[in-house]
Amino acid sequence: MAKLILTFNKQVIKEYPFAKDSITMGRQEDNTIVIDNLAVSGDHARIDKLGRQDILTDVQSTNGTSVKDQKVVSH
């Protein structure tokens, strides 16, 4: 099973199994993954399973979303 690994300063903070077809991330409590950090928007990003692919989408967050240090809208 795929998992999302939350890291900060190269340290693993927490691992989240990706067991649903869609997960949301952000500071607000209604997200699947709540990240209590001011660099994270209330509603920040979403990951959707589409067949064998997982698609990361920034949901118009204030600070943006990056993959390997590159800002992305969708990846």
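Further up the page is the structure itself.
Quick caveat: nothing in here was measured; it's all calculated off a predicted structure.

Caption draft 1: Structural context of the pattern of salt bridges. In total, this model carries two salt bridges according to the counting rule given. The partner of Arg46 in a salt bridge is Asp48, and the shortest N-O contact between them spans 2.7 Å. By relative accessible area, Arg46 is classed as partly exposed at 29%. The class for Asp48 is buried, based on a relative accessible area of 16%.

Caption draft 2: Here's a closer look at unusual backbone geometry. Even without being glycine, Gln60 reaches a positive phi, approximately 60°. Note that Gln60 resides in the loop between β6 (53-58) and β7 (65-67). Taking relative accessible area as the criterion, Gln60 reaches 76% and is therefore assigned exposed. At Lys68, a position not held by glycine, the phi torsion is positive, near 50°. Note on placement: Lys68 falls in the loop between β7 and β8 (70-72).

Caption draft 3: Representation of the nonpolar core in the model. The biggest cluster of nonpolar side chains holds 11 residues, and these are Tyr16, Phe18, Ile23, Met25, Ile33, Ile35, Val40, Ala45, Ile47, Leu56 and Val72. Breaking this core down by element, the ones donating at least two residues are β3 (22-26) and β5 (45-50). Not counting chain neighbours up to four residues away, the residues in contact with Val72 comprise Leu56, Asp58, Thr65, Ser66 and Val67.

Caption draft 4: Local environment of the sheet that holds strand β4 (residues 33-34). One open sheet holds the four strands; their spatial order is β4-β3-β5-β6, and the pairing between them is mixed. Two strands bound the open sheet, and with one partner strand each, they are β4 and β6. Sheet topology places β3 next to β5; four bridges connect them, and they run antiparallel. Bridge pairing in β5 links Ser22 to Asp48.

Conventions and cut-offs
Residues numbered from 1 in each chain as written. Predicted model: local features only at pLDDT ≥ 70, side-chain atom pairs only at ≥ 80, totals over all residues. Heavy atoms only, no water. Salt bridge = Lys/Arg side-chain N within 4 Å of Asp/Glu carboxyl O. Buried < 20%, exposed > 50% of the residue type's maximum accessible area, 1.4 Å probe, protein only. Helix = DSSP H or I, 4+ residues; strand = E, 2+ residues; numbered from the N terminus. Core = buried A, V, L, I, M, F, W, Y, C linked by side-chain atoms within 4.5 Å. Contact = heavy atoms within 4.5 Å. Pairing = 2+ DSSP bridges.

Interpretation in functional terms is not warranted from these geometric data alone.
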